[in-house]
Each structure stands twice: as C-alpha cells, then as structure tokens.
Amino acid sequence: MACMKLGSKSEVFHLDGETWLCSSGLPSDVIIEVCEWSFHLHKFPLLSRSGVLENLIAEFSGEAVKKCVLQLHEIPGGAKAFLLVAKFCYGVKIDLTASNVVGLRCAAEYLRMSDDYGEGNLIVQTENFLNEVFGNWTDSLRALEKCEEVLPHAEELHIVSRCINSLAMKACADPSLFSWPMSGSADVQSPGGTMIWNGIRIPAKQQTVTEDWWYEDVSFLTLPLYKRLIMAVGMSGIRPDSIAGSIIHYANRHLPLLGRQSSFQNGNHVAPGSTTSTPSESDQRNLLEELVQLLPDQKNVTPTKFLLRLLRTSMILHASPPCRENLEKRIGAQMDQAALEDLLIPNMGYSVENLYDIDCVQRILDNFMLFNHDTIDSNCIVDEGQLIGGAHSLTPMTMVANLVDGYLAEVAPDVNLKLPKFQSLAAVIPDYARPLDDGIYRAIDIYLKAHPWLTDSEREQICRLMNCQKLSLEASTHAAQNERLPLRVIVQVLFFEQLRLRTSIAGWFFVSDNLENSQNASGNLALTRNDAHVQARNGQDHIVAMDDVRDRISELEKECSNMKQEINKMVKTKGSWNIFPKRFTFRLKSKSDEPKASKPCNSKDSPTSTAPLMNGEKHNNDNPGDEILKP
C-alpha cells in the first residue's frame with residue numbers, strides 16, 4: 001500500500017470537544033468553522049499556502065475586528081480533509097494514503113494551494129502521490145471508492161476517470177506479468193523465496209492467478225462506478241465472457257432475490273446472520289435493469305441458467321417490459337442450453353390462471369425459432385432420413401424439442417391449462433426435430449389424464465401433435481393399450497406396428513437367404529479342397545442358423561396374429577368400421593403371399609410424412625394406410 005509522509009514537525013494539534021486547538025504558544029487569531037467542527041488557528045501559516053484563505057482573511061483585516069471567523073462548510077472532504085490541510089500549512093507530519101489523498105487533493109484545489117503560494121505546495125504533493133496510487137490495483141480501487149465522497153470535485157479533476165482507466169488496464173492484462181498486489185495476497189514474503197507464517201519461515205508457494213481474480217474486488221463498487229468500469233474494461237479488449245462473469249458476481253452480491261430459494265418469496269430476503277442491509281425493491285429493480293444493459297450481446301457468453309434467474313427475478317421486482325423482452329430474446333437465442341427446472345417459472349401475474357408462466361416460455365421458444373429461421377429453411381428441403389440421422393446442425397433444434405416435450409409433461413397436470421395453449425407450444429417444434437415422438441406422446445397422455453372431460457374431437461385434435469410412425473416399440477405398446485386415446489389413433493399405432501413387423505419378417509428372410517448362399521458357397525469350396533471336417537462343421541452351423549431364423553419368424557407370425565385379433569375385437573365395437581377387417585385382411589393376405597416383394601422401408605418408399613395420416617386424408621394411392629385412416 002502506497003504511503004507518503006509530509007512535514008517534519010511533531011503533532012501540535014489537540015482536540016477539545018469539537019474544537020481543534022493549535023498549541024504553538026501564540027493565541028489564535030482566526031477561527032475556521034467546518035460543519036460542526038471549529039479550528040482555532042493562526043492567519044499567517046494559512047494565508048501563506050492558500051489563495052482562498054488569503055482572500056477571506058483580507059476581508060476581515062482592520063482594527064475593529066480582533067479575531068476573524070471564517071466558514072468553510074463546502075470544502076471537499078469536510079473536517080477530516082481540512083485538518084490535514086491545516087497540519088500541512090503548519091509543517092506537521094501527515095501520512096498520505098490511498099484513502100485520504102482523493103479528499104485532500106480536492107480540498108487543495110478548492111483552497112487554491114498551488115505553487116504560486118509556496119514551492120511544493122499541497123496540489124503538487126497530492127498529484128505526485130496519486131500517480132503512485134494509479135500504479136497499484138488495490139490503491140487504485142480504494143481511491144475510486146473514496147471518490148464517491150467528493151464525486152463532483154473528483155470528476156472535475158479527472159480522478160475518477162484516471163482510477164477507472166488504471167483498473168481497466170490491469171483487469172485486461174495478465175497479473176502474473178506485473179508486480180501490482182491484489183486482494184487476498186496478504187502473505188508476508190521474504191526476498192529469499194520464503195514466507196513467514198505464524199512466526200515460522202516456510203518456502204513460499206507459487207500463487208496461481210485465475211481470470212476471475214478481479215471479480216470480487218470490483219463487486220464492492222457502487223453501481224454508477226461499476227458500470228463505468230465495465231464499459232472501460234469492454235473497450236480495453238477483454239473477452240466478453242470475463243465481463244459476463246464479473247456481472248454475474250456483482251449481481252449475486254447485490255440482488256438478494258436472485259437466489260433460488262428467495263426467488264419464490266415475495267419481498268426481500270436476508271440470509272441468516274447477515275448484517276448487511278437489504279436494498280429496497282426499487283433499488284434492486286434499477287440495479288437489475290442496469291445490469292441487463294451491461295451484459296454482452298454475443299451469443300452463448302452469458303450462461304442461460306443465469307439469464308433465466310434474472311428473468312424470474314425481474315418478474316418478482318416488476319421490471320420494465322423492455323428489460324424482460326431483452327432477457328427473453330437472450331434466452332431464446334441459446335435456449336438449447338437451458339435446463340427444464342429453470343424453465344418452470346411460476347406465474348406471478350395479477351390474474352394467476354396457470355401454475356407456470358407458459359406465455360413466457362412461448363415467447364422464448366418463438367425467439368429461438370426466429371434466431372434459427374435460416375437453419376430451419378435449409379433443413380426442410382433435406383431428406384427426412386438424413387434429418388433424423390442426427391446432423392450437427394440439428395442438434396440445438398433436437399435439444400429444444402426434447403426440452404419443450406419435457407416442459408409440456410410438467411405443465412400438463414395443470415387442470416387450468418387450456419388445450420389451445422398446449423397445442424400452440426407443442427406445434428412450434430417442426431416434425432423433423434423429433435427423432436422419436438415418445439416425449440410428446442408422454443405429455444399428451446398426461447394432459448388427457450388430467451383433463452378427462454375433453455370431447456372426442458378435442459382428443460383427436462391434440463393427438464395430431466404426435467407422429468404415430470415415430471413412436472418407439474415401448475411407446476407403441478403403451479399407446480395400443482391406452483384407453484384415453486381415440487380409436488383412430490390406436491388403429492394408426494397398430495397399423496404402423498404391422499408395417500414394422502412385416503419389414504422385420506422380410507429382413508429375416510433376406511438374412512436367411514444370405515446365410516444359405518454363403519453356407520453353400522463355403523460347402524462347395526470345402527468339397528473342392530476335400531476337407532470333410534470343415535464341410536461338416538459348416539453344415540452344422542447352417543442348420544443352427546436356419547433353426548433360429550425359423551423360430552424368430554414363428555414368433556413374429558404369432559405377434560401378427562394377436563394384433564389381427566385385437567384389431568377385429570376393436571372394430572366389432574364400432575358399427576361404422578365393419579368394412580375395415582375385410583380391407584385390412586385382404587391387404588395382409590396379398591402382401592404375405594408375396595414375401596419376396598417385401599423390402600425394408602426407407603424414407604422415400606414408406607409413409608414417412610405424418611401430416612396426412614394425422615388428418616385422416618388420403619396422401620397416395622399406393623399408401624397401404626390410406627384406406628384404414630379414412631372413416
């Protein structure tokens with residue numbers, strides 16, 4: 001810590017109540033009042049160093065006035081600064097530190113204590129010491145904090161800007177390359193590479209300095225000074241993520257409602273044992289709005305989790321609409337990094353209709369789709385098989401699709417959740433973004449269970465949000481037995497399961513043919529080489545493989561037969577569906593009679609487009625599902 005001693009005389013000032021007296025042996029002839037304090041001094045030491053005091057004392061000169069009384073209530077730094085000024089004028093020793101030099105420099109300027117009133121006057125002395133202060137991180141920070149007490153005068157003398165520029169330069173540089181001390185490095189080190197700890201000399205350890213070393217120090221600044229410092233740091237070329245990290249640290253210190261536990265409470269929250277006074281809601285609201293403006297604009301710089309916490313706190317504090325819109329756009333730009341628990345924002349409106357703020361999540365999702373509009377357009381023209389394959393460009397969209405499906409499952413039990421709001425949120429996600437529709441099916445099932453009063457039309461309407469063809473085997477099995485689903489949807493699920501079964505059977509026949517051909521080829525090769533032992537072993541393996549294939553085909557045929565029986569039972573319950581068994585059975589028989597014509601479905605030959613299937617419309621004359629889906 002920088003320190004400078006001025007003057008050579010010993011202490012001659014002593015305090016008597018609220019009066020400072022100078023014991024120089026001569027009676028005082030001037031009284032200077034500063035606020036509630038009085039200084040009984042002598043004219044000559046003062047007027048020889050200060051132009052202001054010289055003019056004020058000259059106004060009281062004359063025989064009629066024996067002792068003049070001057071009032072300096074406006075002096076920067078108050079009585080503490082003037083006491084140091086008086087000691088300097090009398091040549092008494094004073095210690096200049098980073099804590100008192102700012103007030104003393106402003107007081108010297110106010111009293112016009114330049115070199116015109118003596119060489120090496122107080123203005124020059126304090127300016128020289130300030131230059132030393134600006135070379136040290138801790139002293140610069142302490143001096144900047146003291147500028148708050150004399151802010152207008154410190155601004156005129158450019159002390160504030162010089163402190164901020166000094167701190168910004170040091171925050172952007174590598175502190176290991178310089179010698180300025182930082183907070184927390186209070187260990188006493190000796191020149192020999194050792195340090196003294198509790199009176200014991202031990203080898204000094206090399207301190208590792210991280211990029212966030214300055215976050216804690218600047219978090220004690222007031223908002224106006226902190227804002228100016230962050231702007232200066234940004235202009236100095238520091239990385240945006242470092243700025244975001246500092247803002248997060250500052251917000252956690254000054255926004256009590258930003259915590260997870262206190263964010264669910266109305267009013268202020270003070271941690272147990274804390275003696276720090278909690279700022280008012282209006283102060284926290286202003287602070288939050290200012291910090292949002294300071295956040296870097298770059299994407300993926302500020303953590304999404306922190307942005308969502310800010311958004312939740314802004315709702316509690318009733319921040320301005322532009323502030324909340326700013327946060328929603330930032331979150332939407334990087335929604336793929338959000339966590340489900342952070343999206344569950346309680347509804348804090350005056351008319352609480354739903355448990356969670358679904359409209360806010362809808363706006364965030366709309367912003368995400370807006371930011372990824374170009375990606376969506378380019379992906380829509382690509383073959384669906386490639387899209388579901390998991391290209392890198394689709395990863396954020398798929399993550400958001402899973403996030404929305406999970407969110408819908410969490411809010412679906414809310415009995416006050418209207419069907420249009422549920423549909424609006426689910427329909428934003430494009431079909432290709434979901435490799436599997438198990439998530440949206442689960443959300444739909446929960447919603448149907450929590451809303452048993454929905455009509456058949458509404459049930460079919462909500463089921464159009466999912467693609468039955470993209471359900472996993474487990475989900476399809478559950479859906480086929482789900483009494484809450486409309487009959488049309490169950491039939492669709494069974495139909496697509498039938499297609500999968502036929503594809504599997506065709507695949508097994510294809511494998512068995514390849515095995516037979518390969519075994520015949522290897523057998524012929526063995527005969528030509530007269531290797532009877534190898535021929536016998538290959539023949540044995542062939543018999544085992546064919547037995548496994550026949551067993552698997554037998555199991556699949558049993559499953560197919562069971563599905564037919566279930567479909568027939570379901571159709572008998574509906575009179576309008578009497579034509580269905582004939583058509584379906586005819587198609588199954590015609591296809592089963594031609595096993596060699598069957599081949600695995602691909603994205604172009606199989607009915608991959610689910611929109612026509614969901615709407616019950618006819619998509620293609622060759623589609624085997626069109627006759628079934630048409631009522």
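Parameters and conventions
Residues numbered from 1 in each chain as written. Predicted model: local features only at pLDDT ≥ 70, side-chain atom pairs only at ≥ 80, totals over all residues. Heavy atoms only, no water. Helix = DSSP H or I, 4+ residues; strand = E, 2+ residues; numbered from the N terminus. Buried < 20%, exposed > 50% of the residue type's maximum accessible area, 1.4 Å probe, protein only. Contact = heavy atoms within 4.5 Å. Axes fitted to C-alpha atoms, helices over the stretch in contact; angles between N-to-C directions. Parallel < 35°, antiparallel > 145°, perpendicular 65-115°, else oblique. Left-handed = near helix turned anticlockwise from the far one by under 90°. Nonpolar A, V, L, I, M, F, W, Y, C, P; charged D, E, K, R; others polar. Expected span 1.5 Å × (residues − 1). Polar contact = N/O pair within 3.5 Å; in protein donor to acceptor, adjacent residues only side chain to side chain. Core = buried A, V, L, I, M, F, W, Y, C linked by side-chain atoms within 4.5 Å. Salt bridge = Lys/Arg side-chain N within 4 Å of Asp/Glu carboxyl O. Pairing = 2+ DSSP bridges. Phe/Tyr/Trp six-rings, centres within 6.5 Å; stacked < 30°, edge-to-face > 60°. Lys NZ or Arg CZ within 6 Å of the ring centre and 35° of its normal. pLDDT = per-residue confidence, 0-100.

### Considering the overall build of the protein
From N to C terminus, the protein includes 28 helices and 10 strands. A buried classification covers 44% of the 631 residues belonging to the protein. The contacts in the protein between residues at least 6 apart in sequence include a share of 70% that link residues at least 24 apart.

### Structural notes on the packing of helix 19 (residues 395-411) against helix 20 (residues 419-427)
Packing of helix 19 against helix 20 brings their axes to within 10 Å, and their N-to-C directions diverge by 165°. One finds that helix 19 runs roughly antiparallel with respect to helix 20. Along this stretch, helix 19 crosses helix 20, giving a crossing that reads as left-handed. Side by side, helix 19 and helix 20 meet where V404, Y407 and L408 of the first sit next to F422, L425 and A426 of the second.

### Describing the environment of H249
Tracing the sequence through the fold places H249 in helix 11 (residues 240-254). Placed 33 residues apart in sequence, H249 and E216 show a C-alpha to C-alpha distance of 7.2 Å. Filtering out sequence-adjacent residues up to four positions away, H249 remains in contact with Y215, E216 and S219.

### Some thoughts on the packing of helix 10 (residues 223-235) against helix 11
Between helix 10 and helix 11, the least distance of the axes is 11 Å, while the angle of their chain directions is 165°. Compared by their axis directions, helix 10 and helix 11 come out roughly antiparallel. Regarding helix 10 and helix 11, the two cross each other, and that crossing is right-handed. Side by side, helix 10 and helix 11 meet where L223, Y226, I230, V233 and G234 of the first sit next to I243, S246, I247 and Y250 of the second. Of the residues contributing to the contact of helix 10 with helix 11, the split by class is seven nonpolar, two polar and no charged.

### Concerning helix 13 (residues 304-316)
The end-to-end C-alpha separation of helix 13 is 19 Å, in line with the 18 Å expected for 13 residues at 1.5 Å each. Within the sequence span of helix 13, burial applies to T304, F306, L307, L308, L310, L311, R312, T313, S314, M315 and I316. For helix 13, the elements touching its buried residues are helix 11, helix 12 (281-294), helix 14 (321-333), helix 15 (340-343) and helix 16 (358-371).

### Description of the side chain of Q362
Tracing the backbone shows Q362 in helix 16. For Q362, the side chain forms a polar contact with the side chain of S424, separated by 3.3 Å. Side-chain polar atoms of Q362 contact the backbone nitrogen of L425, separated by 3.3 Å. If we ignore the near neighbours within four places in the chain, the residues touching Q362 are S424, L425 and V428.

### Re the nonpolar core
Counting 151 residues, the largest nonpolar core has I32, L41, F82, W214, L291 and F422 as its most contacted members. The element best represented in this core is helix 3 (residues 78-90), accounting for 10 residues. Setting aside its immediate chain neighbours within four residues, F82 contacts I32, V34, F39, L41, L72, I75 and L111.

### Regarding unusual backbone geometry
Positive phi, close to 55°, is recorded for C35, a residue that is not glycine. Structurally, C35 can be placed in the loop between strand 4 (30-34) and strand 5 (37-41). With relative accessibility at 44%, the residue C35 sits in the partly exposed group. Of note, R112 is a non-glycine position whose phi angle comes to about 55°, a positive value. Within the fold, R112 resides in the loop between helix 4 (101-110) and helix 5 (122-133).

### Notes on the pattern of salt bridges
Scanning all chains against the criterion turns up 20 salt bridges. A salt bridge links E341 to K305; its shortest N-O distance comes to 3.8 Å. One end of the pair, E341, is in helix 15; the other, K305, is in helix 13, with 36 residues separating them in the sequence. Under the relative-accessibility criterion, E341 is labelled partly exposed at 48%. Residue classification places K305 among the partly exposed residues on the basis of a relative accessible area of 37%. Taking the shortest distance from any N to any O, the salt bridge between R484 and D445 comes out at 3.0 Å. Of this pair, R484 sits in the loop between helix 23 (473-480) and helix 24 (487-528) while D445 sits in helix 21 (residues 438-450); the two residues are 39 residues apart in sequence, bridging distant segments of the chain.

### Observations concerning the sheet that holds strand 5
Pairing in this open sheet of five strands is mixed, and the strands run 2-3-5-4-6 from one edge to the other. Looking along the sheet, the strands with just one partner apiece sit at the ends: strand 2 (13-16) and strand 6 (68-71). The average angle at which neighbouring strand axes cross in this sheet is 20°, direction not considered. For strand 3 (residues 19-22) and strand 5, the ladder comprises three bridges, and the chain directions are parallel. Pairing of T19 across the sheet is with S38, part of strand 5. Where helix 3 meets the sheet, its contacts fall on strand 2, strand 3, strand 4 and strand 5, and the angle it forms with strand 5 comes to roughly 10°.

### Some remarks on the packing of aromatic side chains
Throughout the structure, instances matching the rule amount to seven aromatic pairs. Ring centres of F39 and F82 lie 5.0 Å apart, and the angle between their planes is 70°; this geometry places the pair in the edge-to-face category. Of this pair, F39 sits in strand 5 while F82 sits in helix 3, and the two are 43 residues apart along the sequence. Each member of the pair, F39 together with F82, is buried. Above the ring of F220, the side-chain terminus of R253 is found at 4.2 Å from the ring centroid.

### Considerations on the pairing of strand 6
The alternating pattern of strand 6 places C68 and L70 on a buried face, while none of V69 and Q71, on the opposite face, is buried. As paired elements, strand 4 and strand 6 share four bridges and run parallel to each other. Looking at strand 6, one finds that I31 is bridged to V69.

### Remarks on the environment of L104
Turning to its location among the elements, L104 is positioned in helix 4. The class of L104 is buried, set by a relative accessible area of 0%. For the pair L104 and L83, spaced 21 residues apart in sequence, the C-alpha separation works out to 9.7 Å. Not counting the four nearest positions on each side in its chain, L104 is found in contact with A81, L84, V85, I94, L96, L122 and T126.

### Considering helix 19
Over its 17 residues, helix 19 runs 24 Å from end to end, which matches the ideal 24 Å to within 8%, given 1.5 Å per residue. Along helix 19, the residues classified as buried are M397, T398, V400, A401, L403, V404, D405, G406, Y407, L408, A409 and V411.

### Describing the confidence of the model for the protein
Counting all residues, the mean pLDDT for the protein is 77, and 66% of those residues have values of 70 or more. In the predicted structure, residues 184-191 sits below a pLDDT of 50 and forms 10 contacts with residues beyond four places in sequence or in another chain. Ignoring residues within four places in sequence, the model shows residues 574-631, a span with pLDDT below 50, making 80 contacts including any to other chains.

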